[in-house]
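Structural description and commentary
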Amino acid sequence: MSETAYPPVSQHLSDVDAAQEEGRRKMDWALQHMPILNALREEFVDEQPLAGETIAMAMHVEAKTANLVELLAEGGAEVAITGCNPLSTHDDVSATLDDHESITSYAVRGVDDDEYYDAMHACIAHEPTVTVDDGMDMVKLVHEEYPDLIDSIVGGAEETTTGVDRLRAMDADGELHYPVFAVNDTPMKQLFDNVHGTGESSLATIAMTTNLSWAGKNVVVGGYGQCGKGVAKKASGQNANVIVCEVDPRKALEAHMEGYEVLPMEEAAAKGDVFITTTGNRDVITREHFAEMSDGVLLANAGHFDVEVNLDDLDDLAVDRYEVRDGVEGFEMPDGRVLNVIAEGRLVNLAAPIALGHPVEVMDQSFGVQAVVVRELAANGDAYDAGVHDVPDELDREVADIKLAAEGVEYDDLSDEQREYMGSWEHGT
């Protein structure tokens, strides 16, 4: 693999051997509960479907992701990976990946903005033929600063709602010049990852970080997309009172019909005990909202980037800011109120000090889709034009079948007569 100016993670750590041992322990635990990746690993090792490919990845580098990365390498690819969030990397896991002969990991926890992009440049210096993104920063950087690589890139995959939204905007402007699969939008991701994954892991991380209960609290959920639905559902299941804030009338109506209180954020600000943003947009909670909040509220973000809670506004209002407890920063207002921000307003289920991200079983499904999509690009990339593409339905179903088989679950199939009936317009009353 090529040498770059920014060094791999192993050159950042003082005790690499100890880090790799702990990282392997974390990865092995996760892999025990990832039947989809285990099944695909057997196939990939045997058939080497990614031989000759170089994959550049920007992901949350923790144990579950690492098993996907290793799967791709075991399938024949050369892989270069870095983080997609400065606070979601586990250095020990990153070091374990870097020890693999076909993987170079540049992911280091807690880097500043310059180092974050230095590491991404280092990945792209490997001259990828496939990109795998979580947030779309890699695709953006390739297009803006490495246009000469575009012709040799067969395609990419994007994991997140935020990343797919950015890709679609890029595509609409005619600026996306290679095919990218919208992994986020496929059923095996939508039905599970954003609802059960984001909902469970965000609430669990907040509870463990603060040591506070959900019961009886007013939880304000900013946004009622798939992630917001998950947060609202899981919070309600833990006996919280859920208030939803929305800008889309249909989603607001859906939340209302599900039994949640629906309010503008300006009104919800005065009622909430905990605020969790899930929109993927900026300035969901801003200066006027902070002014209405009660002493001791918790502010957390479950969207991809740290722009949903406007921390510049909050810092401007505050007369003091200090660490309340590990992972929680208090902002003291002139009137003595303290508003508490968890994980610096970054993706709470991955950026808080004790955060572990989505449950293993959930990410097994999403990463299974990532793996088969990369396999598809390696085999048939020329069949896809530049732009955003849905994941082929047969690939999504393949991942579901693997999971059901592992769980010992059987299901029905259509008869020939039923298939003919459903495929015909000629059957009448």
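Residues numbered from 1 in each chain as written. Predicted model: local features only at pLDDT ≥ 70, side-chain atom pairs only at ≥ 80, totals over all residues. Heavy atoms only, no water.

**A few points about the UniProt feature "binding site: substrate" (unreviewed entry) in the protein**
Per the UniProt record, "binding site: substrate" (unreviewed entry) is annotated on Asp134, Glu159, Lys189 and Asp193. On the basis of their most widely separated C-alpha atoms, the annotated residues across 60 residues gather in one place, lying no more than 13.6 Å apart. Tracing the backbone shows Lys189 in helix H8 (residues 187-190). Residue classification places Lys189 among the buried residues on the basis of a relative accessible area of 3%. Not counting chain neighbours up to four residues away, the residues in contact with Lys189 comprise Glu159, Val183, Asn184, Asn194 and Ser366. The topology assignment puts Asp193 in helix H9 (residues 193-210). (UniProt positions renumbered as here; feature names shortened; annotations may be inferred. Helix = DSSP H or I, 4+ residues; strand = E, 2+ residues; numbered from the N terminus. Buried < 20%, exposed > 50% of the residue type's maximum accessible area, 1.4 Å probe, protein only. Contact = heavy atoms within 4.5 Å.)

**Comments concerning unusual backbone geometry**
Positive phi values are uncommon outside glycine, yet Gln48 reaches one of about 50 degrees. Positive phi, normally seen in glycine, also occurs at Asp283, with a value near 55 degrees. Secondary-structure assignment places Asp283 in the loop between strand S10 (274-277) and helix H13 (287-290).

**Here's the deal with the UniProt feature "domain: S-adenosyl-L-homocysteine hydrolase NAD binding" (unreviewed entry) in the protein**
Under the feature "domain: S-adenosyl-L-homocysteine hydrolase NAD binding" (unreviewed entry), the UniProt entry names residues 194-355. Strand forms 22% of residues 194-355 and helix 35%; the C-alpha atoms that close the span are 17 Å apart.

**Some thoughts on the pattern of salt bridges**
Applying the stated criterion to the full structure yields 28 salt bridges. Close ionic contact of Arg24 with Glu70 constitutes a salt bridge, the shortest N to O distance being 2.7 Å. You can see Arg24 sitting in helix H1 (residues 16-32) and its partner Glu70 sitting in helix H3 (residues 63-74), a full 46 residues away along the chain. You can call Arg24 partly exposed: its relative accessible area is 29%. Ionic pairing is found between Asp283 and Arg282, a salt bridge with its closest N-O pair at 3.0 Å. Among the charged side chains, a salt-bridge network with shared partners connects Arg24, Asp28, Arg41 and Glu70. (Salt bridge = Lys/Arg side-chain N within 4 Å of Asp/Glu carboxyl O.)

**Observations regarding the packing of aromatic side chains**
The full count for this structure, using the stated rule, is 3 aromatic pairs. With 5.0 Å between their ring centres and 75 degrees between their planes, Phe181 and Tyr384 make a pair best called edge-to-face. With Phe181 in strand S6 (residues 179-182) and Tyr384 in the loop between helix H16 (360-380) and strand S15 (387-389), the pair connects residues that are 203 residues apart, well separated along the chain. As far as the burial class goes, Phe181 and Tyr384 line up, both buried. Their ring planes at 65 degrees and their centres at 6.0 Å tell us that Tyr224 and Tyr260 sit as a pair that is edge-to-face. In this pair, Tyr224 is assigned in the loop between strand S7 (218-222) and helix H10 (226-237) and Tyr260 in the loop between helix H11 (249-257) and strand S9 (261-262), connecting sequence segments 36 residues apart. By relative accessible area, which is 4% here, Tyr224 ends up buried. Judged by its relative accessible area of 12%, Tyr260 falls in the buried class. (Phe/Tyr/Trp six-rings, centres within 6.5 Å; stacked < 30°, edge-to-face > 60°.)

**Regarding the nonpolar core**
The biggest cluster of nonpolar side chains holds 47 residues, and the ones touching the most others in it are Leu40, Ile55, Met57, Leu68, Leu72 and Val79. Top element by residues in this core is H16. It accounts for 9 residues. Not counting chain neighbours up to four residues away, the residues in contact with Ile55 comprise Leu50, Leu72, Ala77, Glu78, Val79, Ala80, Pro128, Val130, Val132 and Val374. Core analysis: the second largest hydrophobic core is formed by 33 residues, Val9, Ile124, Leu167 and Ala182 among them. (Core = buried A, V, L, I, M, F, W, Y, C linked by side-chain atoms within 4.5 Å.)

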